[in-house]
Amino acid sequence: MSERPERRTGARAVRGDKLDQPQEQRARVLPTLSFSQEAFGVLSERFARLMGTAGFLIGMTVFVAAWVVWNVVAPSGLRFDEFPFIFLTLMLSLQASYAAPLILLAQNRQADRDRVGLEQDRARDERNLADTEFLTREVASLRIALREQATRDFVRSELRNLLDELEDRALIRREDPDDKR
């Protein structure tokens, strides 16, 4: 029988060539960056809010106008971006490539807040509807119960009817003020 020589090099030298076991974790050269979703979301909302202001639009217009004027009017030795303004285009494209995802992230966060708000409004509306239906049933039951209650006028009219009926039967006599016995 011939035995194979073991091939072990580097990190695998410790574990061997076992394919059924995971490899050991390797040390990372670059540190892992971790961002808080909430902090990044707040940053994107602030950025989107800034991008939508009149001050930003006016400032960007002044910046581009100054860039163009400088690179057209300045002496040729001081110009840093000739007529097609490729560097300006590159800068504006870079700014737009960062602005668009940040604005979309801010819009998504706003949509999430709106959705949560709508769900809370819907739940509050359902509770209000249930409360209104309950109160409606209670008012209806009170009305029904009050119809069965004897009011003062009802009792008086019933007593008058009984008195008239007894007089008709001659069981009692009504005293006349003219009759003096």
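Up top is the structure.
Heads up: these notes are all about the structure in this document. (Residues numbered from 1 in each chain as written. Predicted model: local features only at pLDDT ≥ 70, side-chain atom pairs only at ≥ 80, totals over all residues. Heavy atoms only, no water.)

## So, the overall build of the protein chain
Part 1 of the reasoning: Along its length, the protein chain carries five helices and zero strands.
Part 2 of the reasoning: What you see in the protein chain, going N to C, is helices and strands ordered as α-α-α-α-α.
Part 3 of the reasoning: Every one of the 181 residues in the protein chain was classed for burial, and the buried ones make up 9%.
Part 4 of the reasoning: The contacts of the protein chain with a sequence gap of at least 6 include a subset with a gap of at least 24, amounting to 45%.
Part 5 of the reasoning: Accessible surface computed for the protein chain: about 16,600 Å², of which carbon and sulfur atoms make up 59%. (Helix = DSSP H or I, 4+ residues; strand = E, 2+ residues; numbered from the N terminus. Buried < 20%, exposed > 50% of the residue type's maximum accessible area, 1.4 Å probe, protein only. Contact = heavy atoms within 4.5 Å. Areas by Shrake-Rupley, 256 points an atom, 1.4 Å probe, with all protein chains shown as cover.)

## A closer look at the pattern of salt bridges
Part 1 of the reasoning: According to the stated counting rule, one finds eight salt bridges in the structure shown.
Part 2 of the reasoning: Glu119 is paired through a salt bridge with Arg115; the nearest N and O atoms lie 3.9 Å apart. Here Arg115 and Glu119 lie together in helix H4 (residues 86-147), a separation of four residues that amounts to about one turn.
Part 3 of the reasoning: Judged by relative accessible area, which is 42%, Glu119 ranks as partly exposed.
Part 4 of the reasoning: For Arg115, a relative accessible area of 42% corresponds to the partly exposed category.
Part 5 of the reasoning: Overlapping salt bridges bring together Glu38, Glu45, Arg109 and Arg113 as one network. (Salt bridge = Lys/Arg side-chain N within 4 Å of Asp/Glu carboxyl O.)

## Topic: a nonpolar patch on the surface
Part 1 of the reasoning: Side chains of Trp70, Leu78, Phe80, Phe87 and Leu90 sit close together on the surface and give an oily, nonpolar patch of about 540 Å² of accessible area.
Part 2 of the reasoning: Within the secondary structure, Trp70 is located in helix H3 (residues 54-73). (Patch = residues over 30% accessible without salt bridge, like charges linked within 9 Å, V, L, I, M, F, W, Y side chains within 5 Å.)

## Details of the side chain of Asp81
Part 1 of the reasoning: Within the secondary structure, Asp81 sits in the loop between H3 and H4.
Part 2 of the reasoning: One buried charged residue, Asp81, forms no salt bridge at all, with the nearest opposite charge on Arg79 at 11 Å.
Part 3 of the reasoning: Of the polar contacts made by the side chain of Asp81, one reaches the backbone nitrogen of Ile86; its length is 3.3 Å.
Part 4 of the reasoning: Within the structure, the side chain of Asp81 is placed 3.0 Å from the backbone nitrogen of Leu88, a separation counted as a polar contact.
Part 5 of the reasoning: Apart from the residues within four sequence positions on either side, Asp81 is in contact with Trp67, Asn71, Ile86, Phe87 and Leu88. (Lys, Arg positive; Asp, Glu negative; His and termini not counted. Polar contact = N/O pair within 3.5 Å; in protein donor to acceptor, adjacent residues only side chain to side chain.)

## Section: the packing of aromatic side chains
For any pair of aromatic rings, the description consists of the separation of the ring centres together with the inter-plane angle of the planes.
Part 1 of the reasoning: In this structure the tally under the stated criterion is five aromatic pairs.
Part 2 of the reasoning: Look at Phe35 and Phe40: their rings are 6.3 Å apart centre to centre, the planes differ by 50 degrees, and that puts the pair in the tilted class.
Part 3 of the reasoning: Note on Phe35: relative accessible area 64%, which makes it exposed.
Part 4 of the reasoning: Of the residues examined, Phe40 reaches a relative accessible area of 38% and is grouped as partly exposed. (Phe/Tyr/Trp six-rings, centres within 6.5 Å; stacked < 30°, edge-to-face > 60°.)

## Description of the environment of Ile103
Part 1 of the reasoning: Structurally, the position occupied by Ile103 is in helix H4.
Part 2 of the reasoning: On the basis of relative accessibility, which here comes to 28%, the residue Ile103 falls in the partly exposed class.
Part 3 of the reasoning: A sequence separation of 57 residues divides Ile103 from Arg46, and the C-alpha atoms of the two residues are 9.5 Å apart.

## Focus on H4
Part 1 of the reasoning: When the terminal C-alpha atoms of H4 are compared, their 89 Å separation across 62 residues agrees well with the 92 Å that a helix rising 1.5 Å per residue should span.
Part 2 of the reasoning: Three or more residues of H4 are buried, namely Leu88, Ala99, Leu102, Ala106 and Arg109.
Part 3 of the reasoning: Against helix H2 (37-51) and H3 lie the buried residues of H4. (Expected span 1.5 Å × (residues − 1).)

## Notes on H2
Part 1 of the reasoning: Counted at 1.5 Å a residue, the expected span for H2 with its 15 residues is 21 Å, and the 21 Å between its end C-alpha atoms agrees.
Part 2 of the reasoning: Considered for burial, the residues of H2 that qualify are Gly41, Ser44, Glu45, Ala48 and Met51. Down the axis of H2, the smallest arc covering the buried residues is 125 degrees, so these residues share one side. Every exposed residue of H2 that faces more than 90 degrees away from the buried side is listed here: Leu43, Arg46 and Arg49.
Part 3 of the reasoning: The elements touched by buried residues of H2 are H3 and H4. (Arc of directions from axis to C-beta.)

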